[in-house]
Amino acid sequence: MTPDAPLALLAELTHRCPLRCPYCSNPLELAKASEELGTDEWARALREAAELGCLQVHLSGGEPTARRDLPDIVAAARAAGLYTNLITAGVTLDAAKLEGLVAAGLDHVQLSVQDAQAEGAERIGGLRGAHARKREAARLVMAAGLPLTVNAVVHRQNLHNLPALIELALEWGAGRLEVAHVQYHGWALANRAALLPTRAMLEEATRTVDAARGRLNGRLVIDHVVPDYHAVRPKACMGGWGRRFLAISPRGDILPCHAAESIPGMVFPNVRDKSLRDAWTHAEAFNRFRGTAWMPAPCRGCAHAERDWGGCRCQAAALLGDAAQTDPACALSPHHAMLREALDAAGETAFAYRG
Ligand code: SF4
Ligand code: FES
C-alpha cells in the first residue's frame, strides 16, 4: 500500500553548534563539516520533498546559521514551494544574516531558550553571553516582520521559571511558546537524573500554563504536552513512524525520525543514491514500524494503537534495547515501572557536557 504523503521535512543542515545543551537530541557521534551535504544536494532534496507532498521544511541542526549557504538553501526551499521555518539558537543570527534570509524568502523563526534569565540559561547551554544575543535575535526577527515561536526546553532545573519564560516570550514578541519537555534518548539520557522533573513540578507547570492560556488568549499560543515519564499513555511520536514526517541528517541519511540513528542495527537510505519518494515508499527503515502490523502485545489489538502508534521507537530502543517493543511510557507496558524508578532516582544537579 502506498503511504500518505508526509507533511513536513526536518532538514538537519549541520551538527555544528555553539551551545552544548545537556539534553541535545543530536547523535552522540556528530557529523563533521566536511561530511555535510552540499548546497546543490540540499536543493535537490528540497525539490524532491515538495514533489513528494511536503508542505513545510524545518531548517535545523545543530545550528543552521553555521552554514554560509543558508540563504541559498532557503531560496531553494521557497522555489520548491515549501513554507520555511528556521529553528535556531539565535546566538549567531545577526542583522546581516537575517536580512539575507528574509531576502531569500524565510517565512518563520523558531528560537530556543535555555532558561528565563541569563545566568541559568548560560549555565545550561554552556555559552557565556548567549542570552543577550538571543534577545537581540528576537528583536531582529520582530523588526523584520517575521512570526516568532519561542521554544523553551524545560526540565528539573528550569521548570520553576515557567512563569518568567511565559513573560519572556511575550516581551520578545513571540506569537507562540512551545514548552517542550526533554525527550530522554541520546545525550539527554546520560543526564536524565539531573533533568527529570518531579510530579509536583509538573503539576505546578500545568496550572501555570492553564492560567496563562486563559489570561493571554489571542496574544500567545502555548503548547504544552505532559512528558512521557509522568504520562499514562505515550505520545504519538512523530505522529506515527513514517506517517507525517521525515528527516534528513547532515550526511544525507533519510530518517523516519531525527533520532532514528540512535536505534542500533537500522540502515537508512541516503539522498546521494535514493530519491525521497523511493525512501519514503519502499525503504525498510520507513516500513519497519509503519502502521500497526509490526506491533507486539500489548499494543497489538489495543484500542489506542491508531492514536499513539505504540509511542516512541527511539525511547523503546534506548530503554529496552529493542525498538520493536511497546514504549515503556505506556502504563500497559510490562516495563512501565522502570520510568517510576528513574523518577525516584532523579535529583542530581550536575550535568555531563559534550567534550
Ligand atoms: Fe498505545 Fe501500545 Fe499502550 Fe495501547 S498498549 S496505549 S497502543 S502504547
Ligand atoms: Fe524517534 Fe520517538 S524520537 S520515534
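These notes cover the structure that comes with them.

Rules used throughout
Residues numbered from 1 in each chain as written. Chains lettered and ligands numbered in written order. Predicted model: local features only at pLDDT ≥ 70, side-chain atom pairs only at ≥ 80, totals over all residues. Heavy atoms only, no water. Helix = DSSP H or I, 4+ residues; strand = E, 2+ residues; numbered from the N terminus. Rg over C-alpha atoms; globule rule 2.2 N^0.38 Å. Contact = heavy atoms within 4.5 Å. Lys, Arg positive; Asp, Glu negative; His and termini not counted. Charge placed at Lys NZ, Arg CZ, Asp CG, Glu CD. Core = buried A, V, L, I, M, F, W, Y, C linked by side-chain atoms within 4.5 Å. Buried < 20%, exposed > 50% of the residue type's maximum accessible area, 1.4 Å probe, protein only. Phe/Tyr/Trp six-rings, centres within 6.5 Å; stacked < 30°, edge-to-face > 60°. Lys NZ or Arg CZ within 6 Å of the ring centre and 35° of its normal. Expected span 1.5 Å × (residues − 1). Arc of directions from axis to C-beta. Axes fitted to C-alpha atoms, helices over the stretch in contact; angles between N-to-C directions. Parallel < 35°, antiparallel > 145°, perpendicular 65-115°, else oblique. Left-handed = near helix turned anticlockwise from the far one by under 90°. Nonpolar A, V, L, I, M, F, W, Y, C, P; charged D, E, K, R; others polar. Salt bridge = Lys/Arg side-chain N within 4 Å of Asp/Glu carboxyl O.

1. A few points about the overall build of the protein chain
A tally of helices and strands in the protein chain yields 14 helices and nine strands. Against the compact-globule benchmark of 20 Å for 355 residues, the protein chain has a radius of gyration of 20 Å, which places it among compact chains. Considering only contacts within the protein chain whose residues lie at least 6 apart along the sequence, 72% involve residues at least 24 apart. Of note, the protein chain has its 38 positive side-chain charges centred 2 Å away from the centre of its 39 negative side-chain charges.

2. Let's talk about the nonpolar core
Residues Leu-9, Leu-177 and Leu-220 are the most contacted members of the largest nonpolar core, which totals 64 residues. Here the element with the most residues in this core is helix 6 (residues 162-172); it accounts for seven residues. Excluding residues within four positions of it along the chain, Leu-177 makes contact with Val-150, Ala-152, Leu-165, Ile-166, Ala-169, Leu-220, Val-221, Ile-222 and Asp-223. By size, the runner-up hydrophobic cluster in this structure holds 23 residues, among which are Ala-259, Phe-268, Ala-285 and Cys-312.

3. Notes on unusual backbone geometry
With the exception of glycine, the majority of residues adopt a negative phi angle, and the majority of peptide bonds are in the trans configuration. Note the cis peptide between Gly-61 and Gly-62, where omega equals 15°. In this structure, Gly-62 sits in the loop between strand 2 (56-60) and helix 2 (70-79). Unlike most non-glycine residues, Met-238 shows phi in positive territory, near 60°. In this fold, Met-238 is placed in the loop between strand 7 (221-224) and strand 8 (245-248). Positive phi, normally seen in glycine, also occurs at Trp-309, with a value near 55°. Assignment of secondary structure puts Trp-309 in the loop between helix 12 (305-308) and helix 13 (313-320).

4. Quick word on the packing of aromatic side chains
Counted according to the given criterion, the structure contains five aromatic pairs. Ring centres of Tyr-184 and Tyr-229 lie 5.2 Å apart, and the angle between their planes is 75°; this geometry places the pair in the edge-to-face category. Of this pair, Tyr-184 sits in the loop between strand 6 (176-181) and helix 7 (187-190) while Tyr-229 is found in the loop between strand 7 and strand 8, placing the two residues 45 residues apart along the sequence. The residues Tyr-184 and Tyr-229 share a single accessibility class, namely buried. Pairing Trp-241 with Phe-289 gives two aromatic rings, centres 5.3 Å apart and planes at 85°, and the pair type is edge-to-face. Placement of the pair is Trp-241 in the loop between strand 7 and strand 8 and Phe-289 in the loop between helix 11 (284-287) and helix 12, with a sequence separation of 48 residues. The burial state of Trp-241 is the same as that of Phe-289; both residues are buried. Cation over ring: Arg-290 sits above Trp-280, and NZ or CZ is 4.8 Å from the ring centre. Directly above the aromatic system of Phe-289 lies the positively charged group of Arg-313, at a separation of 6.0 Å from the ring centroid.

5. Let's talk about helix 5 (residues 130-143)
Here helix 5 contains 14 residues, and its C-alpha end-to-end distance of 20 Å stays within 8% of the 20 Å for a straight helix at 1.5 Å per residue. For helix 5, the set of buried residues is Ala-130, His-131, Lys-134, Ala-137, Ala-138, Leu-140 and Val-141. Among the structural elements, helix 3 (95-104), strand 4 (108-113), helix 4 (118-125), strand 5 (148-154) and helix 6 are those in contact with the buried residues of helix 5. Gly-145 occupies a position one or two residues after helix 5 and carries a positive phi of about 80°.

6. What to know about helix 3
Residues Leu-98, Leu-101 and Ala-104 constitute the buried set of helix 3. Take helix 3 and look down its axis: the buried residues cluster within an arc of 120°, on one side only. What points out from helix 3, more than 90 degrees from its buried face, is the exposed set Ala-96, Glu-99 and Ala-103. At its buried positions, helix 3 is contacted by helix 2, strand 3 (83-88) and helix 5. Among the residues trailing helix 3, Gly-105 stands out with phi positive, at a value near 110°.

7. Describing the packing of helix 6 against helix 9 (residues 199-215)
Relative to each other, helix 6 and helix 9 sit at 30°, their axes nearing to 10 Å. Taken together, the axis directions place helix 6 and helix 9 in an arrangement best described as roughly parallel. Between helix 6 and helix 9 lies a crossing whose hand is right-handed. In contact with Leu-162, Pro-163, Ile-166 and Glu-167 of helix 6, helix 9 contributes Ala-205, Thr-208, Val-209, Ala-212 and Arg-215. Classifying every residue of the contact of helix 6 with helix 9 gives six nonpolar, one polar and two charged.

8. With respect to the pattern of salt bridges
Using the criterion set out here, one finds 14 salt bridges in the structure. Residue Glu-35 is joined to Arg-251 by a salt bridge in which the shortest nitrogen-to-oxygen separation is 3.3 Å. Here Glu-35 is found in the loop between strand 1 (8-12) and helix 1 (39-52), whereas its partner Arg-251 is found in the loop between strand 8 and strand 9 (254-255), with 216 residues between them in sequence. Given the relative accessible area of 27%, Glu-35 is considered partly exposed. Among the salt bridges present, the one from Asp-107 reaches Arg-78, with a minimum N-O distance of 3.5 Å. Placement of the pair is Asp-107 in the loop between helix 3 and strand 4 and Arg-78 in helix 2, with a sequence separation of 29 residues. A single salt-bridge network, built from bridges that share partners, covers Arg-16, Glu-36, Arg-67 and Asp-69.

Geometric descriptors of this kind do not, in isolation, establish any biological role.
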